[in-house]
Amino acid sequence: MSTEYIHSCRKADVQFNSCIKETFNHLRPYLINGIEELTVPPIEPLVIPKMQMENGHGAVRVRAILSNMTIHGASNYTVLNVRSDMNKYRIDLGLFIPHIEATGNYDVNGNVLLLPVRSRGEFWASFENVTALAKLYGVEVNKEGVKFMKTERLGIGFKLEKSDFKIKDAINMQNVIGEAMNVFLNENSAEIIEEMKPAASQAIGKHFKNFLNNAFLQIPLKVWLKDSE
């Protein structure tokens, strides 16, 4: 196994959190093109076949299915800070991404601010100055005498400075509803995102949990955590 993309650390290092920060920043150029031997796909662009979100509380009560998503800008992340407890396999990452742009298909059914919504079609979205906190909860697993770390749960929280949406509604085409939905989404984007944050965070966490495990379950702990034996 090639290890050029691995920046290893030692738990005993007094600057361990800084080392883990460098590990994730070191990974960035390799993630852009993907890591073939780990079957980790490229993240520029990031392709997500399907993501489902459902929110049953508050002013936005919808079930949204996003599919065939292509996302640009995720590779331009910077790890701002790290807090960890590797005896418990806990890592918190503070991240910043200046710009994210996404396109794909959507299918939404429910109620938004008391208005019934049934819409399906294509979407475009952009997000500016995204700050996020990723909370990784891992466990040690043993495969044929070799120790690995598995991500059991990944919690995601995020804030956006600005967002824009455009949709091409295939159900309400050739009438004013599609354009009205565009205007409505943009004018109320902050409120809608705030209401959908729990559902979106859960969906994003689930996706990237699987993404991380593609790598973590193929790289022995001793390779990237030198004093883990």
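Each value, and the rule that gives it
- Residues numbered from 1 in each chain as written.
- Predicted model: local features only at pLDDT ≥ 70, side-chain atom pairs only at ≥ 80, totals over all residues.
- Heavy atoms only, no water.
- UniProt positions renumbered as here; feature names shortened; annotations may be inferred.
- Helix = DSSP H or I, 4+ residues; strand = E, 2+ residues; numbered from the N terminus.
- Buried < 20%, exposed > 50% of the residue type's maximum accessible area, 1.4 Å probe, protein only.
- Contact = heavy atoms within 4.5 Å.
- Areas by Shrake-Rupley, 256 points an atom, 1.4 Å probe, with all protein chains shown as cover.
- Lys, Arg positive; Asp, Glu negative; His and termini not counted.
- Charge placed at Lys NZ, Arg CZ, Asp CG, Glu CD.
- Expected span 1.5 Å × (residues − 1).
- 1 Å grid on protein atoms, 1.4 Å probe; cavity = no way out; pocket = protein on both sides within 12 Å on 5 of 7 lines; lining within 4 Å.
- Points joined across faces, edges and corners; volume = space filled by probe spheres on them.
- pLDDT = per-residue confidence, 0-100.
- Pairing = 2+ DSSP bridges.
- Core = buried A, V, L, I, M, F, W, Y, C linked by side-chain atoms within 4.5 Å.

In the annotation of an unreviewed UniProt entry, the entry for the protein chain reads Circadian clock-controlled protein-like, and the organism field reads Aphis craccivora. UniProt's Sequence similarities (unreviewed entry) comment on the protein chain is quoted here verbatim: "Belongs to the TO family."

*Asks:* Got a minute to help me understand the overall build of the protein chain in this structure?
*Replies:* Secondary structure assignment for the protein chain yields 4 helices and 7 strands. Traced from its N-terminal end to its C-terminal end, the protein chain shows the element sequence α-β-β-β-β-β-β-β-α-α-α. Per-residue burial over the protein chain gives 42% buried out of 229 residues. In the protein chain, of all internal contacts separated by at least 6 residues, the share reaching a separation of at least 24 is 65%. Summing over all exposed atoms, the protein chain offers an accessible surface of approximately 12700 Å²; the carbon and sulfur share of this is 53%. Each charge sign in the protein chain was given a centre, from 26 positive and 26 negative side chains, and these centres are 6 Å apart.

*Asks:* Can you help me understand helix H1 (residues 16-33) in this one?
*Replies:* Between the first and last C-alpha of H1 there are 27 Å, a value that for 18 residues agrees with the 26 Å anticipated at 1.5 Å per step. What H1 keeps buried is the set Phe16, Cys19, Ile20, Thr23, Phe24, Asn25, Leu27 and Leu31. Remark: glycine 34 follows H1 within two positions and exhibits a positive phi of approximately 85 degrees.

*Asks:* What am I meant to see in unusual backbone geometry here?
*Replies:* Proline 45 follows glutamate 44 through a cis peptide bond whose omega is -5 degrees. With respect to the element layout, proline 45 can be found in the loop between H1 and strand E1 (46-55). The backbone of threonine 39 shows a phi angle near 55 degrees, a positive value even though the residue is not glycine. Here threonine 39 lies in the loop between H1 and E1. The backbone of asparagine 129 sits at a positive phi, close to 50 degrees, despite the residue not being glycine. Along the chain, asparagine 129 falls in strand E5 (residues 115-143).

*Asks:* What exactly am I supposed to notice about the layout of surface pockets here?
*Replies:* Over the atoms rolls a probe the size of a water molecule, and its path tells where empty space is left. As a volume, the largest pocket reaches approximately 270 Å³. Forming the walls of the largest pocket are Lys50, Met51, Gln52, Met53, Glu54, Ala199, Gln202, Ala203, Lys206, His207 and Asn210. Listing elements by their share of the lining of the largest pocket, those giving two or more residues are E1 and helix H3 (189-216).

*Asks:* Even after reading the chapter, I still don't get the confidence of the model for the protein chain, so can you show me in this structure?
*Replies:* Detailed reading of the predicted coordinates is not advisable wherever pLDDT is low. Within the protein chain, residue pLDDT values average 85, and 93% of them lie at 70 or more. Confidence, read as mean pLDDT per element, is least for helix H2 (residues 176-187) in the protein chain (68) and greatest for strand E3 (residues 78-85) (92).

*Asks:* When you look at the pairing of E3 in this model, what are you seeing that I'm missing?
*Replies:* Regular strands place their side chains on alternate faces of the sheet. Bridge analysis of E3 against strand E4 (residues 90-112) gives 7 bridges, and the strand direction is antiparallel. Of the residues in E4, the one forming a bridge with threonine 78 is phenylalanine 96. Hairpin geometry of E3 and E4 is characterised by an intervening segment of 4 residues between the two adjacent antiparallel strands and by a positive phi of about 55 degrees at tyrosine 89.

*Asks:* Before we go on, may I ask you to explain the pairing of E5 in this structure?
*Replies:* Strand direction decides the pairing type here: E4 and E5, joined by 22 bridges, are antiparallel. Each residue of the ladder has a partner; that of isoleucine 100, found in E5, is phenylalanine 127. Counting the residues between successive antiparallel strands, the hairpin from E4 to E5 contains 2 residues, one of them, leucine 113, with a positive phi of roughly 50 degrees. For E5 and strand E7 (residues 162-169), the ladder comprises 8 bridges, and the chain directions are antiparallel. Across the sheet, residue phenylalanine 127 finds its bridge partner in E7, namely serine 163. Bridging between E5 and strand E6 (residues 146-159) involves 13 bridges; their strand directions are antiparallel. Within E6, the residue paired with alanine 134 across the bridge is isoleucine 156. Hairpin remark: E5 followed by E6, antiparallel, with 2 residues in the connecting loop; positive phi at glutamate 144, about 55 degrees.

*Asks:* Would you mind going over the nonpolar core with me for this structure?
*Replies:* Membership of the largest hydrophobic core comes to 64 residues, with the highest contact counts inside it found for Ile20, Leu31, Met53, Met86, Phe123, Met149 and Trp224. Leave out the neighbours within four places in its chain, and methionine 149 touches Met86, Tyr89, Leu136, Gly138, Val139, Phe216, Leu217, Leu221 and Trp224.

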